[in-house]
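Structure assessment
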Amino acid sequence: DTYFFQCSEYTTGSEIVQCFHNALHQQKMYDDGADWQVCPNKPDTADGPARMKSESQSLCVVFLDEASLPKNDISRLALKALHQFLDDKQVAFVALSNEAFDSANAN
């Protein structure tokens, strides 16, 4: 699933956080619904064949459009909200911008 967020010069960090929370919630639903598969290279257990949970085949993506628009001091801090989600790497992320990010926002 794709979660789109259109930035503006008035974008706040809490709006970006909410978009990521929605994507993370959906990703958790996908992951929790993944099937259990028999492990062919593992010995059987007392309860039967060894099993492992398969990885979800679905991936949620947060798509941040016009990411360079937050210009004023308060809105510029909105992009700082991204750090915690980018470090966790639980959902994919794409940011589009017509301008280069400064090095603090590029990492």
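Before any of the text, the structure's been laid out above.
Residues numbered from 1 in each chain as written. Predicted model: local features only at pLDDT ≥ 70, side-chain atom pairs only at ≥ 80, totals over all residues. Heavy atoms only, no water.

1. What about helix H1 (residues 13-32)?
Along its 20 residues, H1 runs 28 Å from first to last C-alpha, staying within 8% of the 28 Å computed at 1.5 Å per residue. Among the residues making up H1, those that are buried are Gly 13, Ile 16, Cys 19, Phe 20, Ala 23 and Gln 27. Projection of H1 onto a plane perpendicular to its axis shows the buried side chains occupying an angular sector of 130 degrees, all on one side. Opposite the buried face of H1, at more than 90 degrees from it, the exposed residues are Ser 14 and His 25. In the core, the buried residues of H1 are packed alongside strand E1 (2-6), strand E4 (61-65), helix H3 (82-88) and strand E5 (92-95). (Helix = DSSP H or I, 4+ residues; strand = E, 2+ residues; numbered from the N terminus. Expected span 1.5 Å × (residues − 1). Buried < 20%, exposed > 50% of the residue type's maximum accessible area, 1.4 Å probe, protein only. Arc of directions from axis to C-beta. Contact = heavy atoms within 4.5 Å.)

2. Quick look at the packing of aromatic side chains
Taken as a whole, this structure holds 3 aromatic pairs when the rule is applied. When the ring of Phe 4 is compared with that of Phe 63, the centres are 5.2 Å apart and the planes differ by 65 degrees; the resulting orientation is edge-to-face. Of this pair, Phe 4 sits in strand E1 while Phe 63 sits in strand E4, and the two are 59 residues apart along the sequence. The exposure class assigned to Phe 4 is exposed, which follows from its relative accessible area of 58%. Arranged with centres 4.5 Å apart and planes meeting at 10 degrees, the rings of Phe 20 and Phe 85 form a pair that is stacked. One end of the pair, Phe 20, is in helix H1; the other, Phe 85, is in helix H3, and 65 residues separate them in sequence. An identical accessibility class is assigned to Phe 20 and Phe 85; each is buried. Every member of this aromatic cluster is reached through a ring pair, and the members are Phe 20, Phe 85 and Phe 93. (Phe/Tyr/Trp six-rings, centres within 6.5 Å; stacked < 30°, edge-to-face > 60°.)

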